[in-house]
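Residue-level listing of the chains:
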Amino acid sequence: MSTTRHELLHAFDLLLAPARFKDYGPNGLQVEGRTTVRKIVSGVTASRALIEAAIHAEADAIFVHHGLFWRGQDGRVTGWMRQRLGLLLGDDVNLFAYHLPLDAHPELGNNAQLGLRLGLVAHPGSAGRFGEQELGFLGARDNGDGFPNAKALATHVEKALGKAVTLVEGAPRPIRHIAWCTGGAQSYFEAAIAAGADAFITGEISEPQAHYAREMGVAFLACGHHATERYGAPAVAAHVAAQLGLAHEFIDIDNPA
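Residues numbered from 1 in each chain as written. Predicted model: local features only at pLDDT ≥ 70, side-chain atom pairs only at ≥ 80, totals over all residues. Heavy atoms only, no water.

Novice: Even after reading the chapter, I still don't get the packing of helix H1 (residues 5-16) against helix H10 (residues 232-244), so can you show me in this structure?
Specialist: Helix packing geometry: the angle between the two helix axes and the distance between the axes. Closest axis-to-axis distance for the H1/H10 pair is 11 Å, and the angle between their directions is 125°. On the basis of their axis angle, the class for H1 and H10 is oblique. Both H1 and H10 take part in a crossing whose hand is right-handed. Only Val 236, Ala 237, His 239, Val 240, Gln 243 and Leu 244 of H10 make contact with H1, whose side of the interface consists of Glu 7, Leu 8, Ala 11, Phe 12, Leu 15 and Leu 16. (Axes fitted to C-alpha atoms, helices over the stretch in contact; angles between N-to-C directions. Helix = DSSP H or I, 4+ residues; strand = E, 2+ residues; numbered from the N terminus. Parallel < 35°, antiparallel > 145°, perpendicular 65-115°, else oblique. Left-handed = near helix turned anticlockwise from the far one by under 90°. Contact = heavy atoms within 4.5 Å.)

As structure tokens, this is what we get:
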């Protein structure tokens, strides 16, 4: 089975609705390749390693969360940018990238899929969203139980993600209301606190968040940018591939960040 590049772009756009978001770079088709698509490779970031692996896997299209182009970057095609573009153009491979739309999708996006991985369910409707553009999720454990304390939550997250987390405990109390937002969403911590969270899970931590956690009594867990964003791209790509009758393969390029 195959489809066209145009039909594939339409399917991604219809699912992820990129026009709804004010983003840091272009969403959709970032590099145009061959017209006919039979196989999609998904990954987190359009690194040279992923592009090389996708070419080796005979992909016609690559679908990622972190594309090549960002607002304010140097526009010259030199160094790493020349290498990545050279591979894509040389092998005629399409590159599709969706940033905030991929974070936000309520079932297949990074936040929804991380919640599924951690056994967390967002509250229904607007009660389950917070922060700028309502990207943050707020909810509780899917079995109705809480965690006795922040350390227990951190142990649970480490087991689910296979990665050590950075924990700032906050107040010694049970954890029931949990907020999460994948990647570099540490700036959403104050909004999570205002929304009533007992703990906030994200990818990264910056200097201010440790103080906020201790002063406000809300636990902060930094679990890795890549580690928290490994699940949305393959979920979306697999969904669209099944819809269009295409082959799909997820290739995870290890990243300690």
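Novice: Can you walk me through helix H5 (residues 110-118) in this structure?
Specialist: Three or four residues apart is the spacing at which side chains of an α-helix point the same way, because the helix has 3.6 residues per turn. Extensive coverage of H5 is indicated by the burial of 7 of its 9 residues. Turning to H5, its buried residues are Asn 110, Asn 111, Ala 112, Gln 113, Leu 114, Gly 115 and Leu 118. Phi turns positive one or two residues past the end of H5, at Gly 119, with a value near 70°. (Buried < 20%, exposed > 50% of the residue type's maximum accessible area, 1.4 Å probe, protein only.)

Novice: Looking at this structure, I do not really get the sheet that holds strand E6 (residues 94-97). What am I missing?
Specialist: In a beta sheet, neighbouring strands pair by backbone hydrogen bonds and run either parallel or antiparallel. Overall, mixed pairing links the 5 strands, which are arranged E2-E6-E5-E4-E14 in an open sheet. Strands at the two margins of the open sheet, each flanked by one partner only, are strand E2 (28-31) and strand E14 (247-250). Between one strand axis and the next, the sheet turns by 30° as a mean value, whatever way the strands run. Relative to E6, strand E5 (residues 61-66) runs parallel, the two being bridged by 4 bridges. Looking at the pairing, Ala 61 lines up with Asn 94 of E6. On top of the sheet, helix H2 (residues 48-56) reaches strand E4 (39-45) and E5; it is set at about 165° to E4, its chief contact. (Pairing = 2+ DSSP bridges.)

Novice: Just to check I follow, could you spell out the side chain of Asn 94 for this structure?
Specialist: Its location among the elements puts Asn 94 in strand E6. For Asn 94, the side chain forms a polar contact with the main-chain nitrogen of Gly 33, separated by 2.6 Å. Of the polar contacts made by the side chain of Asn 94, one reaches the backbone oxygen of Arg 34; its length is 2.9 Å. Those residues in contact with Asn 94 that sit more than four places away from it in its chain are Arg 5, Leu 29, Val 31, Glu 32, Gly 33, Arg 34, Val 37, Asp 60, Ala 61 and Ile 62. (Polar contact = N/O pair within 3.5 Å; in protein donor to acceptor, adjacent residues only side chain to side chain.)

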